[in-house]
Amino acid sequence: MPTATRLLPWLLLAPSLAALVVITGYPLVRMLWLSLHEYERAQLLGVPAPFVGLDNYVATLTDARFWTVTARSFVFMLVCVVLTITVGTLVALLLTKLGRVMRLVLSLGLLLAWAMPPLAAMLVWGWIFDSQYGVANHLLTSLTGDDWMGHLWLIDPVSFFAVAALVIVWGAIPFVAFTLYAGFTQVPGEVLEAAQLDGASARQRFFRVQVPYVRTIYVVLIVLSMIWDLKVFTQIFVLQGIGGIKSETSTLGVYIYEMGMAQGHYGAASAIAVIFTVIMLAISAYYVRATVKEEQL
């Protein structure tokens, strides 16, 4: 094969690779450099940053709050992933059963929820759970007969994360539902019909026929949901601003922001971000391996 022919694919990829290096590579290198130095607000004004080696990592890994926030983030992520996949599956199955018109209506509703920017969505959800004028309090007062007006949903950490999970799952369901719906429509109808003739119930047909056909899709969706829910920032940060207690509701994304932008400990925040990146890469590695295996089938 001529040299020019072998080089052509790399020449075509060169602009994209260069942009990727600039946009992604430089921030990663800069973050790693900051994590190895004592970088505070004084360094922003030109004071040299002392090299401290792994001190920032040691301080992070021996900080009880870091482990508390990490555990809280993982528990919250697991709850959101389970709810997202479960509800997304139910909506996808509903799409396969609906007629053309109702399927179109439901699809449009899902698309609107998916297209709404997170910040705009949070303003709406913040109004829904407002203590004085919120729809949630008004509705509960009407249904139960008790006075829910003035109830603070975001003060208690449990109800705070319940609201946050509701918002995050609401925004994630459309992608999961559409992806699974596309997968379910590829299951051969004759296979489902044969299983039904053999006496398999709807539940058995789902778990023994449909799920195996879309198993790889489930793997990809679960891994992606874990990544998205673990690095969630906007929803938690906005809810904290509305009324949440930061010390009891921060997740990893918000914690990094607090250490860096709020408190000015940029070196320590970078160390936390590097550890967080390693965790995300570990999760992403499974996703990449599953994707490669699927392409080889």
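Small disclaimer: the values here were computed from a predicted structure and weren't measured.

Caption draft 1: View of helix α8 (residues 157-184). For α8, with 28 residues, the first-to-last C-alpha span of 38 Å sits near the 40 Å given by 1.5 Å per residue. The largest bend in α8 is about 35°, located at A172, with the proline P174 one to four residues further on. Here α8 starts with a cap whose side-chain oxygen sits 3.2 Å from the backbone nitrogen of V158, and that cap is D156.

Caption draft 2: Summary view of the packing of aromatic side chains. Inspection of every chain in the model, using the stated rule, returns 17 aromatic pairs. Judged by centre distance (5.2 Å) and plane angle (55°), the ring pair of F76 and F161 falls under tilted. Placement of F76 in helix α4 (residues 64-97) and of F161 in helix α8 is noted, with a sequence separation of 85 residues between them. For F76, a relative accessible area of 5% translates into the label buried.

Caption draft 3: View of the side chain of T70. Tracing the backbone shows T70 in helix α4. Of the polar contacts made by the side chain of T70, one reaches the backbone oxygen of F66; its length is 2.7 Å.

Caption draft 4: Representation of the nonpolar core. Counting 33 residues, the largest nonpolar core has L180, F184 and Y218 as its most contacted members. Looking at this core, the elements with two or more residues in it are α4, α8, α11 (215-230), α14 (252-262) and α15 (266-296). At 10 residues, the largest contribution of residues to this core is made by α15. In contact with F184, not counting residues within four places along its chain, are T89, A92, L93, T96, F206, Q210, V214 and Y218. Counting residues in each nonpolar core, the second largest holds 29 residues, with F76, M122, I128 and F129 among its members.

Caption draft 5: Molecular detail of a nonpolar patch on the surface. A contiguous nonpolar patch, built from M116, V124, W127, Y133, V135, L139 and L143 and spanning about 750 Å² of accessible area, is present on the exposed surface. For the nonpolar patch, the secondary structure elements donating two or more residues are α6 (118-128) and α7 (135-144). Ranked by residue count, the leading element in the nonpolar patch is α7, at 3 residues. By the element assignment, Y133 lies in the loop between α6 and α7. For Y133, a relative accessible area of 68% translates into the label exposed.

Caption draft 6: Summary view of the pattern of salt bridges. Overall, the coordinates contain 1 salt bridge when judged by the stated rule. The salt bridge partner of R65 is E258, with a shortest N-O separation of 3.2 Å. Here R65, found in helix α4, pairs with E258, found in helix α14; they are 193 residues apart in sequence, far enough to count as distant. By relative accessible area, which is 28% here, R65 ends up partly exposed.

About the criteria used
- Every chain is numbered independently, its residues counted from 1 as its sequence is written.
- Given that the model is predicted, a residue must reach a pLDDT of at least 70 before its local features are reported, and side-chain atom pairs must reach 80 or more before they are shown or counted; all residues, however, enter totals for whole chains, interfaces and linings.
- In computing side-chain values, all of the structure's heavy atoms are included and hydrogens and water are not.
- In this text, helices come from DSSP runs of H or I with a minimum length of four residues, and strands from runs of E with a minimum of two, each type numbered from the N-terminal end.
- A helix is expected to span 1.5 Å for every residue after the first.
- One axis is fitted to the seven residues ending at the residue and one to the seven starting there. The bend at that residue is the angle between these axes.
- Here a polar contact means two N or O atoms within 3.5 Å. Within protein one must be a hydrogen donor candidate and the other an acceptor candidate, and residues neighboring in sequence count only if both atoms are side-chain atoms.
- Centres within 6.5 Å make a pair out of two Phe, Tyr or Trp rings, where for Trp the six-membered ring is used; the pair is then stacked when the planes are under 30 degrees apart, edge-to-face when over 60, and tilted otherwise.
- Three labels apply to residues, based on accessible area from a 1.4 Å probe with only protein chains included: buried if under 20% of the type maximum, exposed if over 50%, partly exposed otherwise in between.
- Among the buried residues, those of types Ala, Val, Leu, Ile, Met, Phe, Trp, Tyr and Cys that are joined through side-chain atoms within 4.5 Å form a nonpolar core.
- Residues count as neighbours in contact if any of their non-hydrogen atoms are within 4.5 Å of one another.
- Patch membership requires more than 30% relative accessible area and the absence of a salt bridge. Residues of like charge join within 9 Å; the nonpolar side chains Val, Leu, Ile, Met, Phe, Trp and Tyr join within 5 Å.
- Per-residue and other accessible areas were derived by the Shrake-Rupley procedure at a 1.4 Å probe size, with only the shown protein chains allowed to occlude residues.
- Any Lys or Arg side-chain nitrogen found within 4 Å of a carboxyl oxygen on Asp or Glu counts as a salt bridge.

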